[in-house]
Amino acid sequence: MARVQLVEVTKRFGSTVAVDRVSLDIADGEFLVLVGPSGCGKSTLLRLIAGLEDVTEGAVYIGDRNVNDVPPKDRDVAMVFQNYALYPHMTVYDNMAFGLRMRKVPRDEIDRRVREAAETLGLTNLLKRRPAQLSGGQRQRVALGRAIVRDPKVFLMDEPLSNLDAQLRVQMRTELARLHQRLGTTTIYVTHDQVEAMTLGDRIAVMRDGKLQQVATPREIYARP
Ligand code: ADP
Ligand code: ADP
């Protein structure tokens, strides 16, 4: 777990200002939901926090470290996307273990973490299956499992439920809330779904044209005057 701080962060692509002087202080363990129209800079903001893009100006801190000073292999951030790219030829177990093997985590430690995550996500009986043999919701759980086995300080999620049908979305939303309650990992979560924003978010940040328009609790944001 860690506090995430953005200090006057700007990101330009040529003449496009994707992120425009954004300052944001996300508390340790907070669930921050990021909303705003397509093209307003949400994905870019996540990628800056993940250290996948360099800031043009300003700085991003995770804990007390400037993200740009941390080498990629030491970055303690896990991302979950809407197009959960699982490796089709690998089993569920191997999909979840892959990132840990890359990081040379000892075998028995990998085994312990994968089984624990599988237990948390109800995947224990599916560990030997391949992605093609899973439902959409189960695949999404494997994608989450791959992130949580790493025990990251921060989760970055970019519309992780948007490919699921309505019923599964509701179910996974409840599971995400429970997971966050249990793990308490600082989370930044992009969505277009107002119900997700309201039920999951401790606070909601509204972006428009690269700028932060408002940061407030769900109650404040969605209250009708
Ligand atoms: P959102 O996630 O809110 O849809 P993005 O962060 O993807 O928005 O994009 C914000 C703006 O930055 C858009 O105008 C987009 O076209 C531009 N942009 C994003 N990534 C790049 C890139 N790698 N190169 C050039 N322009 C980009
Ligand atoms: P979404 O709208 O689903 O958030 P986008 O289609 O905007 O996603 O962006 C997907 C990827 O393409 C991101 O990595 C983003 O940085 C990149 N991207 C977006 N716009 C551009 C652009 N104009 N030129 C190059 N890359 C871009």
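Look up: the structure comes first, before these words.
These figures come from a predicted structure and were not determined experimentally.

Some thoughts on the site of ligand 2
In step 1: By nearness alone, every residue bordering ligand 2 is listed as Ser38, Ser43, Arg47 and Gln82.
In step 2: Serine 43 places a side-chain nitrogen or oxygen 2.8 Å from an oxygen atom of ligand 2.
In step 3: Starting from 560 Å² of accessible surface for ligand 2 in isolation, the protein chains cover 28%.
In step 4: For the shell around ligand 2, the residue count by class is no nonpolar, three polar and one charged.

Concerning the site of ligand 1
In step 1: All residues in the neighbourhood of ligand 1 are listed as Phe13, Thr16, Ala18, Pro37, Ser38, Gly39, Cys40, Gly41, Lys42, Ser43 and Thr44.
In step 2: Between ligand 1 and glycine 39, the relevant distance is 2.7 Å, taken from an oxygen atom to a main-chain nitrogen or oxygen of the residue.
In step 3: Within the backbone of glycine 41, an N or O atom sits 3.0 Å from an oxygen atom of ligand 1.
In step 4: In the complex, 58% of the free accessible area of ligand 1, which totals 560 Å², lies under the protein chains.

Overview of the packing of helix α4 (residues 136–148) against helix α5 (residues 166–183)
In step 1: The geometry of α4 relative to α5 is characterised by a closest axis approach of 11 Å and an angle of 20° between their N-to-C directions. Between α4 and α5, the angle is such that the two are roughly parallel. Viewed along their axes, α4 and α5 form a crossing whose handedness is right-handed. The segment α4 lies against α5, with Gly136, Gly137, Gln140, Arg141, Leu144 and Ile148 engaging Leu168, Gln171, Met172, Glu175, Leu176, Leu179 and Leu183.
In step 2: For the contact of α4 with α5, a count of residues per class yields seven nonpolar, four polar and two charged.

Details of α5
In step 1: With 18 residues, α5 extends 25 Å between its outermost C-alpha atoms, agreeing within 8% with the 26 Å of an ideal straight helix rising 1.5 Å per residue.
In step 2: Along α5, the positions that sit buried rather than exposed are Leu168, Arg169, Met172, Arg173, Leu176, Leu179 and His180. Taken down its axis, α5 places every buried residue within 140° of arc, on the same side. Residues Gln167, Arg178, Gln181 and Arg182 are exposed on α5 and point more than 90 degrees away from its buried face.
In step 3: Its buried side turned inward, α5 meets β3 (31–35), α3 (107–121), α4, β7 (154–158), β8 (186–190) and α6 (194–200).
In step 4: Positive backbone phi, at 65°, marks glycine 184, one or two positions downstream of α5.

How each quantity is defined
- Residues numbered from 1 in each chain as written.
- Chains lettered and ligands numbered in written order.
- Predicted model: local features only at pLDDT ≥ 70, side-chain atom pairs only at ≥ 80, totals over all residues.
- Heavy atoms only, no water.
- Near = heavy atom within 4 Å.
- Polar contact = N/O pair within 3.5 Å; in protein donor to acceptor, adjacent residues only side chain to side chain.
- Areas by Shrake-Rupley, 256 points an atom, 1.4 Å probe, with all protein chains shown as cover.
- Nonpolar A, V, L, I, M, F, W, Y, C, P; charged D, E, K, R; others polar.
- Axes fitted to C-alpha atoms, helices over the stretch in contact; angles between N-to-C directions.
- Helix = DSSP H or I, 4+ residues; strand = E, 2+ residues; numbered from the N terminus.
- Parallel < 35°, antiparallel > 145°, perpendicular 65-115°, else oblique.
- Left-handed = near helix turned anticlockwise from the far one by under 90°.
- Contact = heavy atoms within 4.5 Å.
- Expected span 1.5 Å × (residues − 1).
- Buried < 20%, exposed > 50% of the residue type's maximum accessible area, 1.4 Å probe, protein only.
- Arc of directions from axis to C-beta.

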